[in-house]
Amino acid sequence: MEITGAQALIESLKKEGVEVIFGYPGGTVLPIYDVLYGEKGIQHILTRHEQGATHSADGYARATGKVGVVIATSGPGATNTITGIATAYMDSIPLVVITGQVATSLIGRDSFQEADVTGITQPITKHNYLVEKAEDIPRVIKEAFHIARTGRPGPVVVDIAKDAQNNKLDFKYPDNVNLPGYKPTLKGNPRQIKAAAKMISLAKKPVIYAGGGVISSGAAKELKEFAEKLNIPVTMTLMGLGGFPGSHKLSLDMLGMHGTAYANYAVQECDLLIAVGARFDDRVTGHLPSFAPKAKHIQIDIDPAEIGKNVRIDVPIVGDVKQTLAELNGQVKPEKEKHDAWLKQIGEWKKKYPLSYKNDSVLRPQYVIEMIQEITKGEAIICTEVGQHQMWAAQFCKFSRPRTFISSGGLGTMGYGFPAAIGAQIAKPNALVFDIAGDGSIQMNMQEMATAVIHKLPIKIAVLNNCFLGMVRQWQELLYDKRYSSTNLCANPDLVKVARAYGAEAMRVSKKEDVKKALQDSLKVTDRPTLLDFVVAKEENVFPFVPPGQAINEMLID
Amino acid sequence: MKHTISVIVENKPGVLHRVSGLFSRRGYNIESLAVGTTENPNISRMTIAVSGDDQTLEQITKQLYKQIDVLKVFDIPDSDAIERELVLIKVKADKKNLAEATKIAEMFQGKVVNVTAESAIIEVSTEKEKIEDLRKLLDKFGIVEMVRTGKIALQKGEIPRNPKGGKK
């Protein structure tokens, strides 16, 4: 069948099972958008900024496990996707970002809206392609999707020259990929698995440290079986929340810089740390040489480069987390009573150092989060922006299932949450979706309110409005003598008026007693987004806090 | 500690950039880099001289394997390999000292490849350390310009190290 490159692109995307594309047109993608006009097989969501499109595709991917797809034009369109690509790269999220490129005769001559996209995105992609010939399009798309979704997932950029989009080819979608340099290891080494089982049976104070890999791998069931069979407590990273039920009696909640005290003490006192799909990030470890000083280490990860990167590992296992845990489950013997003394000690820490905040008549941000948790009963999809509100959401919400906490962990991108919530709502039209935001973050991609309104997405945007760039202000208070340099945001616009100008529903809440009703009212709005402007205490701090350079048991608890 | 690693890559546009970019952004120190095709024109070999401890070398190797175009990475131990680097050195030389310069070149199995009234270009292909010795000897003539290719090396023995396909 002789078709144009642009037609071949859309056909290839359909072969990959793509149902939704997030994008924004421009000169060098006109041929693609012409094919999309009237195309019934794929839904195109027009955002208001390419950064919004990329974060939306990311939120879509996190909510479903499928590859998120973006289309942007060349030059500034492509460079607007950089933050979104880097966000996905740091959190290992499968994306395929298709950018237009100037015609091959214009490449390398500083042409209008030309940018070296493959050069610029090289350090933040799993792989990237510059397509100059129409006949390469089907093979490249098949490879791009394969690379994005297999092994450790990640973003792939496909930069397609305009003439390649216009030229004709004889379309045949390949059956296989031929990538001799890319063969991820899925099956864990049986000898290593056996060694791990032995080490586990000898441990008296074990802890499971579960990260984003549990979610990417779809291993929640295997992890629960593993923890319950052996009676081992589980702590999660920010990326791992939802991988183990937050309200389970074995859950230690999140660990690290703003983790719970009981999780941090447990890790520092344990004699065996079992890392599952987690990478010993600096927000988790604190002062690295002092991290888990009494423990032997087992690490299961699909990416060999993460094994032993930061911490010396006694039993490394390279493999897919789901498969490896299933194997381990088959080898270990149930240990229902063995760790009772250890669990008792942990229970005492939980009682002595619960998460807390001042409970008085002042409307505090943590209270809003607790009310959101109460109203949604852990069944909603919670997206967050970045900052203090993100940490409180991670602390006070209990997630029962994977893919219900959507937050930029590795890069920490403000402005991520709202477009990600759009992607998640599109992915799951019947789900209740929240974006928990700060007043700083919500202004970064406010323009996407138009996208949400036009597509009638009933997202609830809970802004914890304290007129400050909260997390930075907290560091300035604790470490820079309260010198609040450029963190006061009190020239904020009236967010309620802004939301209404876009056609969204909006309300302001300043009193503690009005919070619950406002949230319940927002649930009744089903055909457009609702922005809730919560006027909260201005100088509240996130605790516990592990100051930079300290071990994680040297927390400031309040 | 110094290591020589051989990186076998698919000969695709941009692969040199990918590998050198990886080194620079992860802070690994490249002392020299030589690249060219192998007996299979679709496959190239990059010979990279790096400095770093064993843990750094392990991370470099693992990060290289993450690159889609990289097929194989191996460390070439100094003791078990043939190593060469090609250098061209232009020295100030006139009728009086040309003979001495030529003799020095011959001591290193090299030769004079160009002569003008006031200069001569010496070509030598040898191990890296001997190039340093040569340079010190030629210093007294006055070195006008010098260019080196960077080290290449092949491990001794019959086992071919270029894969026909598939990692590991």
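For clarity, every value in this text was computed on a predicted model and none was experimentally measured.

## Details of the overall build of chain A
Thought 1: The secondary structure content of chain A amounts to 23 helices and 20 strands.
Thought 2: A globule of 558 residues ought to have a C-alpha radius of gyration of about 24 Å, and chain A, at 24 Å, matches this closely.
Thought 3: Dimensions of chain A, computed from C-alpha atoms along their principal axes, come out at roughly 70 × 60 × 40 Å.
Thought 4: Buried residues in chain A amount to 59% of all 558 residues.
Thought 5: Taking as baseline every contact in chain A between residues at least 6 positions apart, the subset at least 24 positions apart corresponds to 76%.
Thought 6: Considering chain A, the positive charge centre built from 63 side chains and the negative charge centre built from 59 side chains are found 6 Å apart.

## Describing a nonpolar patch on the surface
Thought 1: A grouping of A:L478, A:L479, A:Y480 and A:L556 is seen on the molecular surface, where their side chains present a nonpolar patch of about 350 Å² in accessible area.
Thought 2: Here A:Y480 is to be found in the loop between α21 (470-479) and α22 (495-502).

## Remarks on the environment of B:G27
Thought 1: With respect to the helices and strands, B:G27 occurs in the loop between α1 (15-25) and β2 (29-37).
Thought 2: In this structure the C-alpha to C-alpha distance between B:G27 and B:T56, which are 29 residues apart in sequence, comes to 10.0 Å.

## Considering the nonpolar core
The nonpolar side chains of a soluble globular protein tend to be buried, and buried together.
All names here are of chain A.
Thought 1: Residues I200, I208, I274, L328, L519 and F534 are the most contacted members of the largest nonpolar core, which totals 65 residues.
Thought 2: The dominant element in this core, judged by the number of residues it contributes, is helix α16 (residues 365-376), at 6 residues.
Thought 3: Once residues lying within four places of it in the same chain are set aside, the contact partners of I208 are L223, F226, A227, I232, P233, V234, T235, I274 and V276.
Thought 4: Residues V70, I93, I422 and A499 belong to the second largest nonpolar core, which totals 48 residues.

## A look at unusual backbone geometry
All names here are of chain A.
Thought 1: Backbone torsion omega between F543 and P544 reads -5 degrees, so that peptide bond is classified as cis.
Thought 2: Summarising the element assignment, P544 is placed in the segment after β20 (530-535).
Thought 3: Positioned with a positive phi, D253 is a non-glycine residue whose angle comes to about 60 degrees.
Thought 4: Along the polypeptide, D253 turns up in strand β11 (residues 251-254).
Thought 5: Assessed through its relative accessible area of 9%, D253 is described here as buried.
Thought 6: Phi is positive for K456, close to 55 degrees, though the residue is something other than glycine.
Thought 7: With respect to the helices and strands, K456 occurs in the loop between α20 (449-454) and β18 (460-465).
Thought 8: Take K456: its relative accessible area is 55%, and that puts it in the exposed class.

## A word on the packing of aromatic side chains
All names here are of chain A.
Thought 1: Under the definition given, this model contains 12 aromatic pairs over all chains.
Thought 2: Ring centres of Y209 and F280 lie 5.1 Å apart, and the angle between their planes is 70 degrees; on these two criteria the pair is classed as edge-to-face. In this pair, Y209 sits in strand β9 (residues 206-210) while F280 sits in the loop between β12 (272-276) and α13 (282-285), placing the two residues 71 residues apart along the sequence.
Thought 3: A residue is classified by how much of its surface remains accessible, and F280, at 2% relative accessible area, is buried.
Thought 4: Within the aromatic cluster, the residues linked to one another by ring pairs are Y265, W342, W349 and Y353.
Thought 5: Sitting over the face of the ring of F468, R473 holds its NZ or CZ atom 5.8 Å from the ring centroid.

## Comments concerning the interface of chain B and chain A
Thought 1: Tallying the contact residues gives 18 residues for chain B and 20 residues for chain A.
Thought 2: Between chain B and chain A the total buried area reaches about 1,600 Å² when both faces are included, carbon and sulfur atoms providing 47% of it.
Thought 3: Of all residues in chain B, B:R18, B:K66 and B:I68 bury the most surface against chain A, accounting for 38% of the area lost on that side.
Thought 4: Where chain B packs against chain A, one counts 1 salt bridge.
Thought 5: One salt bridge connects B:K66 with A:D303, and the closest N-O pair in it is separated by 2.5 Å.
Thought 6: Run the count over chain B and chain A and you get 6 residue pairs in polar contact (both at pLDDT 80 or more).
Thought 7: Mapped by element, the contributors of at least two residues to the side of chain B that touches chain A are α1, α2 (54-66) and β4 (70-76) of chain B.
Thought 8: Per-element accounting of the side of chain B that touches chain A gives the leading share, 6 residues, to α2(B).
Thought 9: Across the side of chain B that touches chain A, the residue classes tally to 4 nonpolar, 6 polar and 8 charged.

## Examining the pattern of salt bridges
All names here are of chain A.
Thought 1: Following the criterion strictly, the structure yields 44 salt bridges over all chains and no others.
Thought 2: Between E143 and R139 there is a salt bridge, with the nearest N and O atoms lying 3.2 Å from each other. Of the two residues, E143 and R139 are both situated in helix α7 (residues 137-149); the distance of 4 residues between them amounts to about one turn of the helix.
Thought 3: Since its relative accessible area comes to 5%, E143 is described here as buried.

## Examining the sheet that holds strand β1 (residues 2-10) of chain B
Residues and elements named next belong to chain B.
Thought 1: Taking strand neighbours across the sheet as the criterion, the 4 strands line up as β2-β3-β1-β4 in an open arrangement whose pairing is antiparallel. Pairing within the sheet leaves two strands with one partner each, and these edge strands are β2 and β4. Along the sheet, successive strands turn relative to each other by an average axial angle of 20 degrees, direction set aside.
Thought 2: With 9 bridges joining them, β1 and strand β3 (residues 43-51) adopt antiparallel strand pairing. The partner of K2 across the bridge, within β3, is S51.
Thought 3: Against the sheet, α1 contacts β1, β2, β3 and β4, and its axis sits at roughly 20 degrees relative to β3.

Thresholds applied
Residues numbered from 1 in each chain as written. Chains lettered and ligands numbered in written order. Predicted model: local features only at pLDDT ≥ 70, side-chain atom pairs only at ≥ 80, totals over all residues. Heavy atoms only, no water. Helix = DSSP H or I, 4+ residues; strand = E, 2+ residues; numbered from the N terminus. Rg over C-alpha atoms; globule rule 2.2 N^0.38 Å. Buried < 20%, exposed > 50% of the residue type's maximum accessible area, 1.4 Å probe, protein only. Contact = heavy atoms within 4.5 Å. Lys, Arg positive; Asp, Glu negative; His and termini not counted. Charge placed at Lys NZ, Arg CZ, Asp CG, Glu CD. Patch = residues over 30% accessible without salt bridge, like charges linked within 9 Å, V, L, I, M, F, W, Y side chains within 5 Å. Areas by Shrake-Rupley, 256 points an atom, 1.4 Å probe, with all protein chains shown as cover. Salt bridge = Lys/Arg side-chain N within 4 Å of Asp/Glu carboxyl O. Core = buried A, V, L, I, M, F, W, Y, C linked by side-chain atoms within 4.5 Å. Phe/Tyr/Trp six-rings, centres within 6.5 Å; stacked < 30°, edge-to-face > 60°. Lys NZ or Arg CZ within 6 Å of the ring centre and 35° of its normal. Buried area = accessible area lost by both parts, 1.4 Å probe. Polar contact = N/O pair within 3.5 Å; in protein donor to acceptor, adjacent residues only side chain to side chain. Nonpolar A, V, L, I, M, F, W, Y, C, P; charged D, E, K, R; others polar. Pairing = 2+ DSSP bridges. Axes fitted to C-alpha atoms, helices over the stretch in contact; angles between N-to-C directions.

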